[in-house]
Amino acid sequence: PPRSTLFPYTTLFRSVAPRGASGGWRLAVFALLLLGGIGMFWRTVLQPKPSQVQSLTRLTSDPGLTSFPAISPDGTLVAYASDRAGSGNLDIWVQQYGGGQPIRLTTDETDEYEPVFSPDGSRVAFRSERDGGGIYVVQALGGQPRLVVRHGRSPAFSPDGKEIVYTVGSPGVGATFSFGASSLYIVPVTGGEPRRIAEKYAVAHHPVWSEDGEYVLFEGTQQLGPPDFEICTARVRSGEVTCTDVFQTLRGRKLMIGPYPFALHQRSVIVSVGVGDSINLWR
């Protein structure tokens, strides 16, 4: 240690060492004081500080199932699907993120789930099983749900809020978790004729808009069969598709990839990856 660090201890050594003490005795005392100084230096400077315990806040208190969370763009509201009404099916609910009385947005006797907020936070789109299934939109603080398109699932608003991209195909628990055929469509939020994108892909699901609204990212493959699907991008206007090699690279490292939803953050993709018996999120 530098001389300035040892100064208090050398001073203390001079004060406790009696006059005329032998060199060995002085050396022993100095060694003890030096060890004490190093110990104090370790405890106060070098020793790693324990990490703070992260707080865990309960947002809902229901005896049954509450799932499929979605956060409004301004972070003030959380929407979710829950059977809290006690009627045996899932409805869409919304509440203040910081707490408060939940608002029930849907009351149909069929399951309704997969809520997603519009970019301005004023509307919620969701999947409903009523009348054969489809995508509906409702005002975020209550109102009458309106059918946008039949047979759709996994809706996602475009960045300008004018269109919705969605999947049609193999059903699952709230999303297309199987390897069956599925396809992507874009439809105006006001309704109208859907337009298919990535037409040559036998499997195309879990769509996510790029921030500039020019692309839709999805998981897809051109042929049914072994799970060789990849993360691809489709140009919204031309339909041109380009695929990455993300999943191919992960499979080459003996990692397990499932057909699960993924998230896009800036220029990174967050995906579910299996290692051994566990499945976790990787960026």
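Residues numbered from 1 in each chain as written. Predicted model: local features only at pLDDT ≥ 70, side-chain atom pairs only at ≥ 80, totals over all residues. Heavy atoms only, no water.

Undergrad: Before we go on, may I ask you to explain the state of the cysteines in this structure?
TA: One covalent bond between the sulfur atoms of two cysteine residues makes up a disulfide. Within the structure shown, the criterion is met by one disulfide. Paired by a disulfide, Cys-232 and Cys-243 hold their sulfur atoms 2.0 Å apart. Across the S-S bond linking Cys-232 and Cys-243, the dihedral sits near 90°, which makes this disulfide right-handed. In this pair, Cys-232 sits in strand E15 (residues 230–235) while Cys-243 sits in strand E16 (residues 241–243), placing the two residues 11 residues apart along the sequence. With a relative accessible area of 0%, Cys-232 lands in the buried category. (Disulfide = S-S within 2.5 Å. Helix = DSSP H or I, 4+ residues; strand = E, 2+ residues; numbered from the N terminus. Buried < 20%, exposed > 50% of the residue type's maximum accessible area, 1.4 Å probe, protein only.)

Undergrad: Looking at this structure, how should I read the pairing of strand E7 (residues 134–139)?
TA: As a general feature of sheets, a regular strand has side chains that alternate between the two faces. Of all six residues in E7, five are buried; the element is thus mostly enclosed. In terms of strand pairing, strand E6 (residues 123–128) meets E7 through six bridges, oriented antiparallel. Residue pairing across strands places Ser-128 opposite Gly-134, the latter belonging to E7. (Pairing = 2+ DSSP bridges.)

Undergrad: Even after reading the chapter, I still don't get the pairing of strand E3 (residues 91–96), so can you show me in this structure?
TA: For E3, the tally of buried residues reaches five of six residues, placing the bulk of the element in the interior. Bridge count between strand E2 (residues 77–82) and E3: six bridges; the pairing is antiparallel. Note that in E3 the partner of Leu-77 across the bridge is Gln-96.

Undergrad: Explain the nonpolar core to me, please; I cannot follow it from the model alone.
TA: Across soluble globular proteins, nonpolar side chains show a tendency to be buried alongside one another. Of all hydrophobic cores here, the largest spans 15 residues; its most connected members are Ile-92, Val-94, Leu-105, Phe-117 and Val-124. When contributions to this core are tallied by element, the ones reaching two or more residues are E2, E3, strand E5 (112–117), E6 and E7. Looking at this core, the element that brings in the most residues is E2, giving three residues. Ignoring sequence-local partners within four residues, the contact set of Ile-92 consists of Tyr-80, Ala-81, Ile-103, Arg-104, Leu-105, Thr-106, Glu-112, Tyr-113, Pro-115, Val-124 and Phe-126. In terms of nonpolar packing, the next biggest core, distinct from the first, is built from 14 residues, Ile-197, Ala-204, Trp-209 and Cys-232 among them. (Core = buried A, V, L, I, M, F, W, Y, C linked by side-chain atoms within 4.5 Å. Contact = heavy atoms within 4.5 Å.)

Undergrad: Looking at this structure, I do not really get the layout of surface pockets. What am I missing?
TA: Empty space among the atoms becomes apparent when a probe as large as a water molecule is rolled across them. A volume near 560 Å³ is recorded for the second largest pocket. Around the second largest pocket sit 25 residues that line it, and Leu-217, Leu-264, Arg-267, Ser-268 and Val-269 are the ones nearest its centre. At the level of elements, strand E14 (215–221), E15, helix H3 (246–252) and strand E19 (268–275) are the ones that each hand at least two residues to the lining of the second largest pocket. Here the lining of the second largest pocket takes four residues from E19, the largest share from any one element. Of the residues assigned to the lining of the second largest pocket, the class counts are 11 nonpolar, seven polar and seven charged. (1 Å grid on protein atoms, 1.4 Å probe; cavity = no way out; pocket = protein on both sides within 12 Å on 5 of 7 lines; lining within 4 Å. Points joined across faces, edges and corners; volume = space filled by probe spheres on them. Nonpolar A, V, L, I, M, F, W, Y, C, P; charged D, E, K, R; others polar.)

Undergrad: Mind showing me how you'd approach the side chain of Asn-89 here?
TA: Tracing the backbone shows Asn-89 in the loop between E2 and E3. Residue Asn-89 is classed as buried on the basis of its relative accessible area, which comes to 4%. Within the structure, Asn-89 has its side chain in polar contact with the side chain of Asp-91 (distance 3.3 Å). Excluding residues within four positions of it along the chain, Asn-89 makes contact with Ser-82, Asp-83, Asp-108, Glu-109, Thr-110 and Asp-111. (Polar contact = N/O pair within 3.5 Å; in protein donor to acceptor, adjacent residues only side chain to side chain.)

Undergrad: Looking at this model, I keep getting lost on the sheet that holds E7. Mind explaining?
TA: Within the open sheet, the four strands sit side by side as E5-E6-E7-E8. Their pairing is antiparallel. Lying at the two open borders of the sheet, with one neighbouring strand each, are E5 and strand E8 (146–150). Neighbouring strand axes in the sheet, compared pairwise and without regard to direction, differ in orientation by 25° on average. (Axes fitted to C-alpha atoms, helices over the stretch in contact; angles between N-to-C directions.)

Undergrad: Help me out: how do you make sense of a nonpolar patch on the surface in this one?
TA: Where nonpolar side chains cluster on the molecular surface, the patch consists of Leu-59, Ile-71 and Tyr-97 and spans about 270 Å² of accessible area. Looking at the element boundaries, Ile-71 is found in strand E1 (residues 66–71). (Patch = residues over 30% accessible without salt bridge, like charges linked within 9 Å, V, L, I, M, F, W, Y side chains within 5 Å. Areas by Shrake-Rupley, 256 points an atom, 1.4 Å probe, with all protein chains shown as cover. Salt bridge = Lys/Arg side-chain N within 4 Å of Asp/Glu carboxyl O.)

Undergrad: Looking at this model, I keep getting lost on the packing of aromatic side chains. Mind explaining?
TA: The relative placement of two aromatic rings is captured by the distance of their centres and the angle of their planes. Applying the stated criterion across every chain yields a total of five aromatic pairs. Look at Phe-126 and Tyr-136: their rings are 6.0 Å apart centre to centre, the planes differ by 20°, and that puts the pair in the stacked class. Linking Phe-126 in strand E6 with Tyr-136 in strand E7, this pair joins segments that are 10 residues apart in sequence. The exposure class assigned to Tyr-136 is buried, which follows from its relative accessible area of 6%. When the ring of Tyr-166 is compared with that of Tyr-185, the centres are 5.9 Å apart and the planes differ by 20°; the resulting orientation is stacked. You can see Tyr-166 sitting in strand E10 (residues 163–169) and its partner Tyr-185 sitting in strand E11 (residues 182–188), a full 19 residues away along the chain. Using a relative accessible area of 2% as the deciding quantity, one classes Tyr-166 as buried. A cation over an aromatic ring shows up here: Arg-84 above the ring of Trp-93, its NZ or CZ 5.0 Å from the ring centre. (Phe/Tyr/Trp six-rings, centres within 6.5 Å; stacked < 30°, edge-to-face > 60°. Lys NZ or Arg CZ within 6 Å of the ring centre and 35° of its normal.)

Undergrad: Could you clarify how one ought to interpret the sheet that holds strand E9 (residues 153–157) in this entry?
TA: Within a sheet, each strand pairs with its neighbour through backbone hydrogen bonds, oriented either parallel or antiparallel. Ordered in space as E9-E10-E11-E12, the four strands form an open sheet in which the pairing is antiparallel. Edge positions in the open sheet fall to E9 and strand E12 (195–197), since each of these has one partner strand only. The average angle at which neighbouring strand axes cross in this sheet is 30°, direction not considered. Two elements, E9 and E10, share three bridges in a ladder whose sense is antiparallel. Residue pairing across strands places Arg-153 opposite Thr-167, the latter belonging to E10.

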